[in-house]
Amino acid sequence: MTMHPSERIVILTGAGISKESGLDTFRCAGGLWSQVRIEDVATPEAFARDPGRVQSFYDARRRGLLEQAVRPNAAHEALAELERRLPGEVLVVTQNIDDLHDRAGQGNLVHMHGELLKARCTRCEAVVPRRDDLAPDPRCPACGAQGLRPHVVWFGEMPLEMERIYAALAGCELFVSIGTSGNVYPAAGFVREARAAGARTVELNLEPSEGASLFDEAVYGPATRTVPDFVARLIAGR
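Residues numbered from 1 in each chain as written. Predicted model: local features only at pLDDT ≥ 70, side-chain atom pairs only at ≥ 80, totals over all residues. Heavy atoms only, no water.

Enquirer: I keep staring at the sheet that holds strand β9 (residues 217-220) and nothing clicks. Help me out?
Expert: Strands belonging to one sheet form pairs held by backbone hydrogen bonds; the direction of such a pair is parallel or antiparallel. With respect to topology, six strands assemble into an open sheet ordered β3-β2-β1-β7-β8-β9, the strand pairing being parallel. On the outer flanks of this sheet lie β3 (109-111) and β9, each paired with one strand and no other. The sheet shows a mean angle of 15 degrees between the axes of neighbouring strands, taken without regard to direction. Bridging between strand β7 (residues 174-178) and strand β8 (residues 200-205) involves five bridges; their strand directions are parallel. Of the residues in β8, the one forming a bridge with L174 is R200. Sheet contacts for helix α5 (residues 74-85): β1 (9-13), β2 (90-94) and β7; angle to β1, the most-contacted strand, approximately 165 degrees. Seen against the sheet, helix α9 (residues 223-236) touches β1, β7, β8 and β9 and runs at an angle of roughly 140 degrees to β9. (Pairing = 2+ DSSP bridges. Helix = DSSP H or I, 4+ residues; strand = E, 2+ residues; numbered from the N terminus. Axes fitted to C-alpha atoms, helices over the stretch in contact; angles between N-to-C directions. Contact = heavy atoms within 4.5 Å.)

Structure (structure tokens):
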């Protein structure tokens, strides 16, 4: 594992940061999980039972992500600017499977729940870029098997790069949680890890998360307002 001892700021982002870019959140009123059951589309068991349905669900989300109107918003751009101003000090950990942080120019970025625009082969484990539908022919370009699945972490699977994330939390001085409900673990526990390391903790969200009492500071409102404002204050204080 590569150590990054200078990552003094760890930022966790959730679906709320992408909502103003036109992407659906999961757990708010009318969100994705009110429209479809997790057990039907977001577990290994669902994929084994009905791979076509699971592929179609993620194909639709992939097409939505690639619509011309969907683009990084001011919150994504502010975090990318923070990284440019404080090179080597900022790590963004996102629960989102969209590529909006990437498009905004975020370089030091962990997609802990995978990436919608990639696919993974269940046979050879190759991870490959994928912008087209996976159904009905999920053929792997590496081994030729019809074994491609979305490169997305489903419920019951281990999130990616957890060792790196926990190492960063153990050494950070500031932890910021943006646009996340605070009820999906292990990400919901990151604030406790940061507090145990002595970090200052800040929540930027549309409304208080389930772990709101664990934050030293909280600002509530749309991400396109709260995140640029917070980043500006942070840069001005350096």
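Enquirer: Can you walk me through the pattern of salt bridges in this structure?
Expert: Between side chains of opposite charge, a pair can form as their charged atoms come close. In total, this model carries 17 salt bridges according to the counting rule given. In this structure, R139 engages D137 in a salt bridge whose closest nitrogen and oxygen atoms are separated by 3.6 Å. Sharing partners across several salt bridges, the network here consists of R8, E89 and E173. (Salt bridge = Lys/Arg side-chain N within 4 Å of Asp/Glu carboxyl O.)

Enquirer: Would you mind showing me how to read the nonpolar core here?
Expert: One broad rule of soluble globular proteins: the nonpolar side chains tend to lie buried together. In terms of nonpolar packing, the biggest core is built from 22 residues, with I11, L82, V176, I178 and V227 touching the most fellow members. Looking at this core, the elements that each hand over two or more residues are β1, α5, β2, β7, β8 and α9. Take this core: its biggest share by element is six residues, from α9. If sequence neighbours within four positions are ignored, V227 has contacts with A75, A78, L79, I178 and L204. L12, M112, A168 and A187 belong to the second-largest nonpolar core, a separate cluster that totals 19 residues. (Core = buried A, V, L, I, M, F, W, Y, C linked by side-chain atoms within 4.5 Å. Buried < 20%, exposed > 50% of the residue type's maximum accessible area, 1.4 Å probe, protein only.)

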